[in-house]
Amino acid sequence: MVHWSAEEKQLITSVWGKVSVEQCGAEALARLLIVYPWTQRFFSDFGNLSSPTAIIGNPRVRAHGKKVLTSFGEAIKNLDNLKATYAKLSELHCDKLHVDPENFRLLGDILIIILASHLGRDFTPACQFTWQKLVGVVAHALAHEYH
Amino acid sequence: MVLSAADKSNVKAVFAKIGGQAEEYGADALERMFVTYPQTKTYFPHFDLGKGSAQVKGHGKKVAAALVEAVNNIDDLAGALSKLSDLHAQKLRVDPVNFKLLGQCFLVVVATRNPSLLTAEVHASLDKFLCAVGTVLTAKYR
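So, how was this worked out
Residues numbered from 1 in each chain as written. Chains lettered and ligands numbered in written order. Predicted model: local features only at pLDDT ≥ 70, side-chain atom pairs only at ≥ 80, totals over all residues. Heavy atoms only, no water. Helix = DSSP H or I, 4+ residues; strand = E, 2+ residues; numbered from the N terminus. Rg over C-alpha atoms; globule rule 2.2 N^0.38 Å. Buried < 20%, exposed > 50% of the residue type's maximum accessible area, 1.4 Å probe, protein only. Areas by Shrake-Rupley, 256 points an atom, 1.4 Å probe, with all protein chains shown as cover. Lys, Arg positive; Asp, Glu negative; His and termini not counted. Charge placed at Lys NZ, Arg CZ, Asp CG, Glu CD. Contact = heavy atoms within 4.5 Å. Core = buried A, V, L, I, M, F, W, Y, C linked by side-chain atoms within 4.5 Å. Salt bridge = Lys/Arg side-chain N within 4 Å of Asp/Glu carboxyl O. UniProt positions renumbered as here; feature names shortened; annotations may be inferred. Buried area = accessible area lost by both parts, 1.4 Å probe. Polar contact = N/O pair within 3.5 Å; in protein donor to acceptor, adjacent residues only side chain to side chain. Nonpolar A, V, L, I, M, F, W, Y, C, P; charged D, E, K, R; others polar. Expected span 1.5 Å × (residues − 1).

Asks: What should I look at first to understand the overall build of chain B in this one?
Replies: Tallying secondary structure elements over chain B gives 7 helices and 0 strands in all. The order of α-helices and β-strands along chain B, N terminus first, is α-α-α-α-α-α-α. The C-alpha radius of gyration of chain B comes to 14 Å, within 12% of the 14 Å expected for a compact globule of 142 residues. Expressed as lengths along the three principal axes of its C-alpha atoms, the size of chain B is roughly 40 × 35 × 20 Å. Expressed as a percentage of the 142 residues in chain B, the buried residues total 48%. Carbon and sulfur atoms make up 57% of the accessible area of chain B, which amounts to about 7,000 Å² in all. Chain B carries 17 positive and 13 negative side-chain charges, and their two centres are separated by 4 Å.

The structure is reproduced here in C-alpha coordinates:
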(Lines give C-alpha, C1' and ligand atoms only; values in the text may rest on other atoms or scores of the structure.)
Protein backbone atom coordinates (compact mmCIF):
# COMPACT_ATOMS: atom_id res chain seq x y z
CA MET A 1 0.00 0.00 0.00
CA VAL A 2 1.26 3.45 -0.86
CA HIS A 3 2.01 5.80 1.99
CA TRP A 4 0.91 9.41 1.72
CA SER A 5 2.34 11.94 4.15
CA ALA A 6 0.09 14.67 5.55
CA GLU A 7 1.95 17.18 3.40
CA GLU A 8 1.40 15.12 0.25
CA LYS A 9 -2.32 14.78 0.97
CA GLN A 10 -2.49 18.52 1.51
CA LEU A 11 -0.70 19.23 -1.77
CA ILE A 12 -3.04 16.88 -3.60
CA THR A 13 -6.24 18.38 -2.26
CA SER A 14 -5.09 21.98 -2.58
CA VAL A 15 -4.17 21.52 -6.24
CA TRP A 16 -7.37 19.58 -6.91
CA GLY A 17 -9.38 22.40 -5.35
CA LYS A 18 -8.04 24.79 -8.01
CA VAL A 19 -8.84 22.48 -10.92
CA SER A 20 -11.85 22.63 -13.21
CA VAL A 21 -12.33 18.93 -13.81
CA GLU A 22 -14.26 19.53 -17.01
CA GLN A 23 -11.72 21.96 -18.45
CA CYS A 24 -8.55 20.18 -17.38
CA GLY A 25 -9.94 16.78 -18.30
CA ALA A 26 -10.79 17.95 -21.80
CA GLU A 27 -7.40 19.62 -22.20
CA ALA A 28 -5.48 16.63 -20.90
CA LEU A 29 -7.16 14.12 -23.20
CA ALA A 30 -6.86 16.42 -26.21
CA ARG A 31 -3.16 16.97 -25.51
CA LEU A 32 -2.58 13.24 -25.17
CA LEU A 33 -4.10 12.68 -28.62
CA ILE A 34 -2.09 15.56 -30.10
CA VAL A 35 1.30 15.07 -28.46
CA TYR A 36 1.21 11.25 -28.73
CA PRO A 37 -0.91 10.75 -31.84
CA TRP A 38 -0.68 6.98 -31.71
CA THR A 39 -3.02 7.13 -28.71
CA GLN A 40 -5.78 8.02 -31.18
CA ARG A 41 -5.94 4.32 -31.94
CA PHE A 42 -8.37 3.89 -29.05
CA PHE A 43 -10.74 6.56 -30.28
CA SER A 44 -11.43 5.69 -33.91
CA ASP A 45 -15.16 6.17 -33.37
CA PHE A 46 -14.79 9.66 -31.90
CA GLY A 47 -15.21 11.44 -35.22
CA ASN A 48 -12.88 14.16 -36.45
CA LEU A 49 -9.38 13.86 -34.96
CA SER A 50 -7.65 15.11 -38.08
CA SER A 51 -5.90 18.16 -36.59
CA PRO A 52 -5.09 19.70 -33.21
CA THR A 53 -7.95 22.16 -33.71
CA ALA A 54 -10.36 19.35 -34.57
CA ILE A 55 -9.25 17.34 -31.54
CA ILE A 56 -9.51 20.27 -29.12
CA GLY A 57 -12.98 21.14 -30.41
CA ASN A 58 -14.23 17.56 -30.59
CA PRO A 59 -17.17 17.24 -28.18
CA ARG A 60 -16.57 13.52 -27.61
CA VAL A 61 -12.98 14.21 -26.64
CA ARG A 62 -14.12 16.89 -24.21
CA ALA A 63 -16.76 14.65 -22.70
CA HIS A 64 -14.43 11.72 -22.35
CA GLY A 65 -11.71 13.89 -20.88
CA LYS A 66 -14.15 15.07 -18.25
CA LYS A 67 -15.12 11.46 -17.50
CA VAL A 68 -11.47 10.42 -17.10
CA LEU A 69 -10.58 13.28 -14.78
CA THR A 70 -13.77 12.83 -12.76
CA SER A 71 -12.62 9.28 -12.13
CA PHE A 72 -9.30 10.72 -10.98
CA GLY A 73 -11.28 12.61 -8.38
CA GLU A 74 -12.41 9.27 -7.01
CA ALA A 75 -8.79 8.27 -6.61
CA ILE A 76 -8.15 11.40 -4.58
CA LYS A 77 -11.01 10.52 -2.25
CA ASN A 78 -9.63 7.00 -1.85
CA LEU A 79 -5.89 7.47 -1.64
CA ASP A 80 -5.51 4.65 0.85
CA ASN A 81 -7.48 2.19 -1.23
CA LEU A 82 -6.60 2.79 -4.85
CA LYS A 83 -6.31 -0.81 -6.06
CA ALA A 84 -9.84 -1.61 -4.88
CA THR A 85 -11.18 1.72 -6.18
CA TYR A 86 -9.85 1.01 -9.66
CA ALA A 87 -10.26 -2.78 -9.80
CA LYS A 88 -13.30 -2.74 -12.10
CA LEU A 89 -11.87 0.01 -14.33
CA SER A 90 -8.65 -1.95 -14.56
CA GLU A 91 -10.49 -5.06 -15.74
CA LEU A 92 -12.40 -2.94 -18.24
CA HIS A 93 -9.25 -1.38 -19.69
CA CYS A 94 -7.67 -4.82 -20.03
CA ASP A 95 -10.51 -7.04 -21.15
CA LYS A 96 -12.73 -4.72 -23.13
CA LEU A 97 -10.71 -1.67 -24.09
CA HIS A 98 -7.34 -3.41 -24.58
CA VAL A 99 -5.35 -0.35 -23.54
CA ASP A 100 -1.60 -0.78 -23.02
CA PRO A 101 -0.92 0.53 -19.48
CA GLU A 102 1.89 2.65 -20.87
CA ASN A 103 -0.89 4.98 -22.01
CA PHE A 104 -1.87 5.65 -18.39
CA ARG A 105 1.67 6.88 -17.75
CA LEU A 106 1.56 9.09 -20.85
CA LEU A 107 -1.75 10.62 -19.76
CA GLY A 108 -0.35 11.14 -16.26
CA ASP A 109 2.62 13.09 -17.64
CA ILE A 110 0.30 15.19 -19.78
CA LEU A 111 -1.95 15.92 -16.79
CA ILE A 112 1.07 17.19 -14.86
CA ILE A 113 1.83 19.66 -17.64
CA ILE A 114 -1.79 20.82 -17.81
CA LEU A 115 -1.80 21.39 -14.05
CA ALA A 116 1.52 23.22 -14.31
CA SER A 117 0.18 25.52 -17.00
CA HIS A 118 -2.90 26.36 -14.91
CA LEU A 119 -1.13 26.84 -11.59
CA GLY A 120 2.09 28.48 -12.77
CA ARG A 121 4.64 28.95 -10.00
CA ASP A 122 2.11 27.60 -7.47
CA PHE A 123 2.93 24.24 -9.03
CA THR A 124 6.05 23.99 -6.93
CA PRO A 125 8.61 21.20 -7.21
CA ALA A 126 6.98 19.63 -4.13
CA CYS A 127 3.61 19.73 -5.88
CA GLN A 128 5.13 18.19 -8.97
CA PHE A 129 6.71 15.40 -6.92
CA THR A 130 3.45 14.60 -5.16
CA TRP A 131 1.34 14.69 -8.30
CA GLN A 132 3.87 12.69 -10.31
CA LYS A 133 3.67 10.12 -7.50
CA LEU A 134 -0.13 10.23 -7.63
CA VAL A 135 -0.40 9.73 -11.39
CA GLY A 136 2.11 6.89 -11.14
CA VAL A 137 0.12 5.19 -8.43
CA VAL A 138 -3.14 5.65 -10.36
CA ALA A 139 -1.50 4.20 -13.48
CA HIS A 140 -0.29 1.25 -11.43
CA ALA A 141 -3.74 0.66 -9.94
CA LEU A 142 -5.33 0.79 -13.38
CA ALA A 143 -2.85 -1.81 -14.60
CA HIS A 144 -3.20 -4.02 -11.54
CA GLU A 145 -5.93 -6.35 -12.81
CA TYR A 146 -4.27 -6.92 -16.16
CA HIS A 147 -3.67 -10.53 -17.05
CA MET B 1 10.88 10.28 -35.17
CA VAL B 2 11.56 13.19 -37.46
CA LEU B 3 11.24 16.89 -36.73
CA SER B 4 9.03 18.55 -39.32
CA ALA B 5 9.58 22.09 -40.54
CA ALA B 6 6.72 23.16 -38.28
CA ASP B 7 8.32 21.40 -35.29
CA LYS B 8 11.62 23.19 -35.90
CA SER B 9 9.87 26.51 -36.24
CA ASN B 10 7.88 25.92 -33.02
CA VAL B 11 10.99 24.96 -31.07
CA LYS B 12 12.96 27.95 -32.32
CA ALA B 13 10.07 30.23 -31.36
CA VAL B 14 9.99 28.82 -27.83
CA PHE B 15 13.68 29.36 -27.29
CA ALA B 16 13.55 32.82 -28.86
CA LYS B 17 10.82 33.70 -26.37
CA ILE B 18 12.74 32.19 -23.45
CA GLY B 19 15.82 34.10 -24.59
CA GLY B 20 18.28 34.99 -21.84
CA GLN B 21 16.19 33.18 -19.23
CA ALA B 22 17.26 29.82 -20.64
CA GLU B 23 19.73 29.39 -17.79
CA GLU B 24 16.97 29.86 -15.22
CA TYR B 25 14.79 27.40 -17.08
CA GLY B 26 17.66 24.89 -17.06
CA ALA B 27 18.27 25.30 -13.33
CA ASP B 28 14.55 25.11 -12.55
CA ALA B 29 14.21 21.94 -14.65
CA LEU B 30 17.13 20.28 -12.87
CA GLU B 31 15.81 21.23 -9.42
CA ARG B 32 12.41 19.83 -10.33
CA MET B 33 13.98 16.65 -11.65
CA PHE B 34 15.91 16.03 -8.43
CA VAL B 35 12.80 16.63 -6.32
CA THR B 36 10.30 14.79 -8.52
CA TYR B 37 12.54 11.86 -9.43
CA PRO B 38 14.94 11.40 -6.49
CA GLN B 39 16.71 8.51 -8.22
CA THR B 40 18.25 11.07 -10.60
CA LYS B 41 20.29 12.40 -7.71
CA THR B 42 22.42 9.26 -7.87
CA TYR B 43 24.31 10.81 -10.78
CA PHE B 44 25.33 13.80 -8.64
CA PRO B 45 26.77 12.49 -5.37
CA HIS B 46 29.43 15.16 -5.66
CA PHE B 47 26.89 18.01 -5.78
CA ASP B 48 25.16 20.00 -3.11
CA LEU B 49 21.59 19.35 -4.19
CA GLY B 50 19.93 21.55 -1.59
CA LYS B 51 17.52 24.27 -2.60
CA GLY B 52 19.27 27.18 -4.30
CA SER B 53 22.47 25.22 -4.81
CA ALA B 54 25.02 27.11 -6.86
CA GLN B 55 26.19 23.83 -8.38
CA VAL B 56 22.69 22.99 -9.58
CA LYS B 57 22.31 26.49 -11.01
CA GLY B 58 25.66 26.15 -12.75
CA HIS B 59 24.77 22.78 -14.17
CA GLY B 60 21.35 24.03 -15.25
CA LYS B 61 23.14 26.76 -17.17
CA LYS B 62 25.26 24.14 -18.96
CA VAL B 63 22.23 22.04 -19.84
CA ALA B 64 20.36 25.10 -21.12
CA ALA B 65 23.35 26.18 -23.22
CA ALA B 66 23.47 22.74 -24.80
CA LEU B 67 19.77 22.90 -25.63
CA VAL B 68 20.20 26.37 -27.14
CA GLU B 69 23.10 25.08 -29.21
CA ALA B 70 20.94 22.18 -30.34
CA VAL B 71 18.13 24.56 -31.33
CA ASN B 72 20.57 26.73 -33.28
CA ASN B 73 21.70 23.63 -35.16
CA ILE B 74 18.38 21.90 -35.29
CA ASP B 75 19.00 20.56 -38.78
CA ASP B 76 22.01 18.62 -37.54
CA LEU B 77 21.44 17.58 -33.94
CA ALA B 78 23.86 14.66 -34.20
CA GLY B 79 26.62 16.98 -35.34
CA ALA B 80 25.89 19.71 -32.83
CA LEU B 81 25.72 17.31 -29.90
CA SER B 82 28.45 14.92 -31.02
CA LYS B 83 30.90 15.79 -28.24
CA LEU B 84 28.19 15.63 -25.59
CA SER B 85 27.08 12.33 -27.05
CA ASP B 86 30.62 10.96 -26.65
CA LEU B 87 30.76 12.28 -23.08
CA HIS B 88 27.49 10.64 -22.09
CA ALA B 89 28.47 7.33 -23.72
CA GLN B 90 31.99 7.05 -22.42
CA LYS B 91 32.07 8.89 -19.15
CA LEU B 92 28.69 9.86 -17.75
CA ARG B 93 26.65 6.82 -18.85
CA VAL B 94 23.40 8.27 -17.60
CA ASP B 95 20.72 5.63 -18.10
CA PRO B 96 18.63 6.57 -21.15
CA VAL B 97 15.38 6.64 -19.18
CA ASN B 98 16.54 9.77 -17.37
CA PHE B 99 16.50 11.98 -20.44
CA LYS B 100 12.72 11.56 -20.60
CA LEU B 101 12.50 12.60 -16.96
CA LEU B 102 14.50 15.79 -17.53
CA GLY B 103 12.48 16.45 -20.68
CA GLN B 104 9.24 16.19 -18.69
CA CYS B 105 10.62 18.63 -16.13
CA PHE B 106 11.67 21.09 -18.82
CA LEU B 107 8.14 21.01 -20.24
CA VAL B 108 6.75 21.62 -16.75
CA VAL B 109 9.04 24.63 -16.36
CA VAL B 110 7.84 26.10 -19.65
CA ALA B 111 4.26 25.40 -18.57
CA THR B 112 4.67 27.09 -15.18
CA ARG B 113 6.58 30.12 -16.47
CA ASN B 114 5.02 30.65 -19.86
CA PRO B 115 1.76 28.70 -20.17
CA SER B 116 0.50 30.67 -23.15
CA LEU B 117 3.61 29.66 -25.06
CA LEU B 118 2.88 25.96 -24.61
CA THR B 119 0.01 25.42 -27.01
CA ALA B 120 -0.81 21.83 -27.95
CA GLU B 121 1.20 22.04 -31.17
CA VAL B 122 4.19 23.65 -29.48
CA HIS B 123 4.01 21.09 -26.67
CA ALA B 124 4.12 18.29 -29.24
CA SER B 125 7.06 19.86 -31.10
CA LEU B 126 9.04 20.59 -27.94
CA ASP B 127 8.44 17.07 -26.64
CA LYS B 128 9.65 15.64 -29.95
CA PHE B 129 12.71 17.89 -29.88
CA LEU B 130 13.63 16.89 -26.32
CA CYS B 131 13.19 13.21 -27.26
CA ALA B 132 15.43 13.72 -30.27
CA VAL B 133 18.11 15.34 -28.08
CA GLY B 134 17.93 12.39 -25.68
CA THR B 135 18.20 9.96 -28.57
CA VAL B 136 21.33 11.70 -29.89
CA LEU B 137 22.93 11.80 -26.44
CA THR B 138 22.45 8.06 -25.99
CA ALA B 139 23.13 7.07 -29.60
CA LYS B 140 26.68 5.88 -28.98
CA TYR B 141 25.94 3.96 -25.77
CA ARG B 142 26.44 0.60 -27.48
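Asks: How do you make sense of the overall build of chain A when you look at a structure like this?
Replies: The helix and strand tally for chain A stands at 7 helices and 0 strands. Mapped in sequence order, the helices and strands of chain A form the string α-α-α-α-α-α-α. For chain A, the spread of C-alpha atoms along the three principal axes comes to 45 × 40 × 20 Å. Taking all 147 residues of chain A together, 48% fall into the buried category. Once local pairs closer than 6 in sequence are excluded, the contacts in chain A between residues at least 24 apart make up 73%. Accessible area for chain A stands at about 7,300 Å²; split by element, carbon and sulfur atoms hold 57% of it. Between the mean site of the 15 positive side-chain charges and the mean site of the 14 negative ones, chain A shows a separation of 4 Å.

Asks: Would you mind going over the nonpolar core with me for this structure?
Replies: If you look at soluble globular proteins, the nonpolar side chains tend to sit buried side by side. Membership of the largest hydrophobic core comes to 93 residues, with the highest contact counts inside it found for Phe72(A), Trp131(A), Leu126(B) and Phe129(B). Among residues more than four places away in sequence, those in contact with Leu126(B) are Val11(B), Val14(B), Phe15(B), Leu107(B), Val110(B) and Leu118(B).

Asks: Looking at this structure, how should I read the pattern of salt bridges?
Replies: Side chains that differ in sign of charge can pair as their charged atoms come close. A full pass over the atoms with the stated rule returns 13 salt bridges over all chains. Lys133(A) serves as the salt-bridge partner of Glu8(A), at 2.9 Å between the closest nitrogen and oxygen. Note that Glu8(A) is positioned in helix α1 (residues 6-17) and Lys133(A) in helix α7 (residues 125-143), a separation of 125 residues in sequence. Salt-bridge contacts for Asp75(B) lead to Lys8(B); the nearest nitrogen and oxygen are separated by 2.6 Å.

Asks: What's the story with unusual backbone geometry in this structure? I'm lost.
Replies: Comment: phi is negative for the bulk of residues other than glycine, and the bulk of peptide bonds are trans. The backbone of His98(A) sits at a positive phi, close to 55 degrees, despite the residue not being glycine. Tracing the backbone shows His98(A) in the loop between α5 (82-96) and α6 (102-119). One non-glycine residue, Arg93(B), lies in positive phi territory at about 45 degrees. Examined against the element boundaries, Arg93(B) turns out to sit in the loop between α5 (82-92) and α6 (97-113). Residue classification places Arg93(B) among the exposed residues on the basis of a relative accessible area of 56%.

Asks: Would you mind showing me how to read the UniProt feature "domain: Globin" (unreviewed entry) in chain A here?
Replies: Those places that UniProt annotates as "domain: Globin" (unreviewed entry) correspond, in this numbering, to residues 3-147 of chain A. Helix makes up 72% of residues 3-147 of chain A and strand 0%, and the two end C-alpha atoms of the span are 26 Å apart.

Asks: Sorry if this is basic, but what is going on with the interface of chain B and chain A here?
Replies: How big an interface is tends to be reported as the loss of accessible area on association of its parts. The interface is formed by 21 residues belonging to chain B together with 21 residues belonging to chain A. Summing the contributions of chain B and of chain A, the shared interface buries around 1,800 Å²; its carbon and sulfur component is 61%. If you look at where chain B meets chain A, you find 0 salt bridges. Counting the contacts that link chain B with chain A gives 8 residue pairs in polar contact (both at pLDDT 80 or more). Elements with a contribution of two residues or more to the side of chain B that touches chain A: α2 (22-36), α6 and α7 (120-138) of chain B. Per-element accounting of the side of chain B that touches chain A gives the leading share, 7 residues, to α6(B). Looking at the side of chain B that touches chain A residue by residue, the class counts come to 11 nonpolar, 5 polar and 5 charged.

Asks: Would you mind showing me how to read the environment of Val99(A) here?
Replies: Residue and element names in this part refer to chain A. Here Val-99 is to be found in the loop between α5 and α6. Linking Val-99 and Ala-143, residues 44 residues apart in sequence, is a C-alpha distance of 9.4 Å. Excluding its chain neighbours within four sequence positions, the residues that come into contact with Val-99 are Phe-42, His-93, Phe-104 and Tyr-146.

Asks: Help me understand the UniProt feature "domain: Globin" (unreviewed entry) in chain B in this model?
Replies: The UniProt record marks residues 2-142 of chain B with the feature "domain: Globin" (unreviewed entry), using the residue numbering of this structure. Segment residues 2-142 of chain B splits into 70% helix and 0% strand. End C-alpha atoms: 22 Å apart.

Asks: When you look at helix α4 (residues 59-77) of chain A in this model, what are you seeing that I'm missing?
Replies: One turn of an α-helix holds 3.6 residues; hence residues three or four places apart share an orientation. All names here are of chain A. The end-to-end C-alpha separation of α4 is 27 Å, in line with the 27 Å expected for 19 residues at 1.5 Å each. For α4, every residue scored as buried is listed here: Val-61, Gly-65, Leu-69, Ser-71, Phe-72, Gly-73, Ala-75 and Ile-76. Taken together, the buried residues of α4 touch α1, α2 (21-35), α3 (52-57), α5, α6 and α7. Sitting at the amino-terminal end of α4 is Asn-58, which places a side-chain oxygen 2.8 Å from the backbone nitrogen of Arg-60.

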